[in-house]
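Working through the structure, step by step
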Amino acid sequence: MESVGDPMEGPSTERAFEGEPIQPWTEQITVRSMVVSILLGTILSSVAMNLVFMSGIVPSLNIPASMLSLFVLKSWTSMLQRFDVFHQPFTRQENTIIQTCVTACAAMVSSGGFGSFMLSMSRRAAEQTKTGRGDINVSAPSLGQLIVFYFLISFVGLFAIVPMRKTMIIGQRLTYATGTATAHLINSFHTPQGAQQAKRQVSLLLKSVVGSLSWDIFQWFYTGGPNCGLAAIPTFGLKAYQTGFYFNFSATYTGIGIICPTLTNFSMLAGSILSSAVVVPYIDSKKGVWYNAAYKESSMKGIYGYKMLISIAMMLGDGIFQLLVISFKTMSDLHRKQQKLANTANVFRNIDTIKRPGLSFDDRRRTQLFLRDNIPCIYAIAGYTILATVSTITIPHIYSQIKYQHIIVAYILSPLLAFCNAYGTGITDLNLHTQYAKIVILIFGFWMTIAKGGVIGSLVICAIMTSIIATAADFMQDLQTGYLTLTSPRSMFIAQAIGTVIGCIINPVIFWVFYNIYLTDAEGSYPAPFARVYRALAVVGAGGANTLPKYSIAFSVPFFIVAIAMGALKEVATHKDWRIQHWIPSAVAISVAFLVPPIIPIDMCVGSLILLAWRSIDTEHAKLLAPVLASGLICGEGIFAIPFSLLGIYKIHPPMCIRFLASETNEKLDTFLKKKAL
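This structure is a prediction, so every number in the text was calculated from the model and none was measured.

Reading the values: the criteria
Counting starts from 1 at the beginning of each chain's written sequence and moves along it residue by residue. This being a predicted model, a pLDDT of at least 70 is required before a residue's local features are given, and a value of 80 or more before pairs of side-chain atoms are given or counted; all residues contribute to the totals for chains, interfaces and linings. Calculation of side-chain values draws on the structure's entire complement of heavy atoms; hydrogens and water are dropped beforehand. Two cysteine sulfur atoms make up a disulfide if the distance between them is within 2.5 Å. In this description a helix means any DSSP run of H or I spanning at least four residues, a strand means any run of E spanning at least two, and both kinds are numbered starting from the N terminus. Relative accessibility decides the category of a residue: with a 1.4 Å probe and only protein chains considered, values under 20% of the type maximum give buried, values over 50% give exposed, and everything between is partly exposed. Any two residues whose heavy atoms approach within 4.5 Å at even a single point are treated as in contact. Per-residue confidence from the predictor is given as pLDDT, running between 0 and 100. Here, the term nonpolar core denotes a set of buried Ala, Val, Leu, Ile, Met, Phe, Trp, Tyr and Cys residues that are joined through side-chain atoms within 4.5 Å.

Turning next to the state of the cysteines. On inspection of all chains with the given rule, the structure shows 1 disulfide. A disulfide bridge connects Cys228 with Cys657, and the sulfur atoms are separated by 1.9 Å. Here the S-S torsion is close to -65°, and the disulfide linking Cys228 with Cys657 is therefore left-handed. Residue Cys228 is found in the loop between helix H10 (192-220) and helix H11 (238-242), and its partner Cys657 is found in the loop between helix H25 (619-649) and helix H26 (663-677); the two are separated by 429 residues along the sequence. Its sulfur unpaired, Cys101 is 7.7 Å from the next cysteine sulfur, which belongs to Cys105. Using a relative accessible area of 1% as the deciding quantity, one classes Cys101 as buried. With no disulfide of its own, Cys260 lies 11 Å from the sulfur of Cys605, the closest cysteine sulfur. The exposure class of Cys260 is buried, given its relative accessible area of 15%.

Below is the structure:
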């Protein structure tokens with residue numbers, strides 16, 4: 001047996017595991033893996049829900065899920081071993097099952113639209129945007145309704161993509177970079193050489209989680225009033241603080257900044273500067289001309305309305321361009337492979353004599369297992385048809401604005417869009433379900449019209465189709481992870497389904513906690529910016545553009561064009577391998593900055609600076625440990641999000657307040673207090 005691999009084939013991962021038996025798919029899913037999945041699914045769903053209500057930005061949770069599952073089960077098995085209790089070894093297949101189950105649960109927060117299109121149906125979103133406030137275009141969510149609705153729509157996407165799994169992973173050899181990276185991480189955990197490395201990563205993960213959680217608890221005691229606490233330090237001066245430019249010591253967004261590309265973080269910062277220093281002052285100069293001077297800056301009829309339309313225009317411009325580019329790449333890739341096969345067939349008349357490229361030992365072993373535990377296509381087609389039929393019959397009774405024909409068309413189109421998104425994700429590692437969502441809202445809103453409830457109707461259809469489109473791409477990422485870790489596709493499918501069941505129960509409950517805080521949030525702690533975005537999109541699609549601020553659509557058109565131009569320049573620069581490709585900002589990142597306070601991109605840029613400094617000192621350790629540190633920072637603060645929300649619901653207030661004032665204001669306050677004391 002060779003530990004490294006055949007020199008003719010290159011280094012081998014699977015030879016390190018050659019002596020380990022592969023459990024049948026029925027034994028890869030264990031009771032302990034499901035218990036851990038429920039625990040971690042709850043934690044990461046809380047983290048994700050906190051993020052969508054704060055900024056709408058949710059990073060990939062695949063690697064944090066892998067790290068946390070390793071930490072929990074390694075700790076559990078070590079404790080049992082210390083007390084001489086028999087236990088099954090923790091395998092990479094079980095690690096993959098937990099990761100799949102947890103990410104299926106947590107990913108529903110984003111793909112299910114809890115902080116975007118689902119929240120935008122509420123009356124508060126209608127009041128905030130001053131659009132479509134009639135009862136027919138408002139739907140107040142209830143906990144039971146949400147659970148039933150997500151059970152109806154969340155499983156269809158699993159069946160939509162199953163027939164294409166062999167084509168994409170075995171036939172086309174698509175990369176699915178996130179799934180591949182997660183698999184390499186899991187494989188490294190379970191090799192003898194990776195055991196020591198995993199111990200260091202787990203140790204840092206534990207320290208960062210505890211540190212982040214402790215810091216949040218400590219800060220809470222000093223937030224007994226508006227603008228109080230250590231998170232309200234005017235880092236760059238009081239004038240900058242008044243416009244939202246300060247560092248608020250958020251562990252979550254510092255961690256996200258470490259994970260997200262540096263260019264994305266600084267693009268958001270550039271967007272905040274553009275919004276605060278250029279766009280807002282210009283629109284403010286038109287007060288009383290373009291819009292009523294009595295409107296507040298946060299009003300949809302005032303400055304915020306213009307900012308939102310600019311953000312939507314840039315998102316749509318970049319999204320449409322990306323969809324066109326990925327569609328072209330997908331068709332080009334398929335055509336190139338078909339042409340190659342045709343050329344080979346012309347040389348060899350007998351198809352059996354075609355010389356196929358030899359597979360490595362790793363590929364042979366992985367392909368054999370992947371094809372052995374096959375999921376028959378007839379089951380997938382039957383499952384999709386049955387679930388779609390039940391959903392079509394039931395959903396109109398939940399949302400009366402929806403008619404049967406709307407849902408039927410949605411379920412006919414969804415598999416095609418799911419395939420396009422999953423294939424594009426395999427090539428670019430970009431899940432563009434949010435871009436498809438915006439187009440779906442505009443099309444179905446136009447079909448339904450605002451007078452017939454087109455705002456709610458288009459948002460519900462968006463939820464149905466986005467769930468299928470996003471789930472297909474996410475499941476393919478997980479199947480790629482399973483392929484590279486020798487985890488059976490059948491057990492992966494069941495793990496994905498179990499994770500979805502957990503998500504359909506846990507996520508609405510967590511959402512309900514945050515939603516009640518959102519309804520009474522006077523301080524703007526949970527602005528949920530994308531709820532307004534999707535509400536405005538639905539109103540525009542349904543024909544309610546006359547409710548938007550004057551000249552807002554015309555003012556946003558140049559930004560739409562700029563977003564397309566930036567995307568085109570990026571594609572050309574990448575194709576030509578120009579150095580400038582690494583410096584072209586992201587249009588989507590800039591657009592998001594128009595909706596979130598500047599403190600978020602500042603925190604994320606601090607995370608980038610930490611990573612850059614770490615890399616300059618020790619590149620190897622930064623590459624190994626930076627994602628672990630970021631995961632711990634995000635999870636620690638996310639764990640405190642639910643207790644923090646419950647404290648607010650039950651009116652338990654912090655005992656102290658720290659506030660920073662100008663010297664003149666402080667002198668006046670001291671004088672007032674002295675007089676008060678007398």
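Below, the discussion takes up the environment of Val280. Positionally, Val280 belongs in helix H13 (residues 262-285). In this structure, the C-alpha to C-alpha distance between Val280 and Tyr304, residues 24 residues apart in sequence, is 8.9 Å. Residues within four places of Val280 in sequence aside, it is in contact with Ser275, Glu297, Ile303 and Lys307.

What follows deals with the side chain of Gln477. Along the chain, Gln477 turns up in helix H19 (residues 454-484). What makes Gln477 buried here is its relative accessible area of 8%. Setting aside its immediate chain neighbours within four residues, Gln477 contacts Tyr176, Ala177, Thr178, Gly179, Thr425 and Asp429.

Inspection of the secondary structure assignment puts Ile602 in helix H24 (residues 599-617). The exposure class assigned to Ile602 is buried, which follows from its relative accessible area of 7%. Considered as a pair, Ile602 and Gly257 are 345 residues apart in the sequence and their alpha carbons are 9.2 Å apart. With near-sequence residues (within four places) excluded, Ile602 lies in contact with Phe236, Phe245, Tyr246, Phe247 and Leu269.

All right, on to the environment of Ala418 then. Here Ala418 shows up in helix H17 (residues 404-428). Those residues in contact with Ala418, other than ones at most four positions away along the chain, are Ile161, Ile468, Ile469 and Ala472.

The phi torsion at Phe249 lies on the positive side, around 60°, for a residue other than glycine. Structurally, the position occupied by Phe249 is in the loop between H11 and helix H12 (251-259). The backbone of Thr449 sits at a positive phi, close to 70°, despite the residue not being glycine. Here Thr449 lies in the loop between helix H18 (433-448) and H19. On the accessibility criterion, Thr449 (30% relative accessible area) is partly exposed.

Here we take up the side chain of Ser208. Along the polypeptide, Ser208 turns up in helix H10. Sequence-distant contacts of Ser208, that is, excluding residues within four places in its chain, are made with Val628, Leu629, Gly632 and Leu633.

Let us now look at the confidence of the model for the chain. Of all residues in the chain, 90% have pLDDT values of 70 or greater, and the mean over the chain is 83. Every residue in residues 1-10 is under pLDDT 50, and counting partners more than four places away or in other chains gives 18 contacts. The model gives residues 347-356 a pLDDT under 50, and that stretch makes 4 contacts with residues more than four places away or in other chains.

It is worth spelling out the nonpolar core at this point. Grouped together as the largest cluster of nonpolar side chains are 143 residues, with contacts concentrated most on Phe53, Phe149 and Ile461. Among the elements that line this core, the one with the most residues is H19, at 17 residues. Each residue touching Ile461, except ones within four places of it in the same chain, is listed here: Ile402, His406, Ile407, Ala410, Val440, Phe444 and Met448. With 16 residues, the next largest nonpolar core counts Ile283, Ile310, Met314 and Phe559 among its residues.

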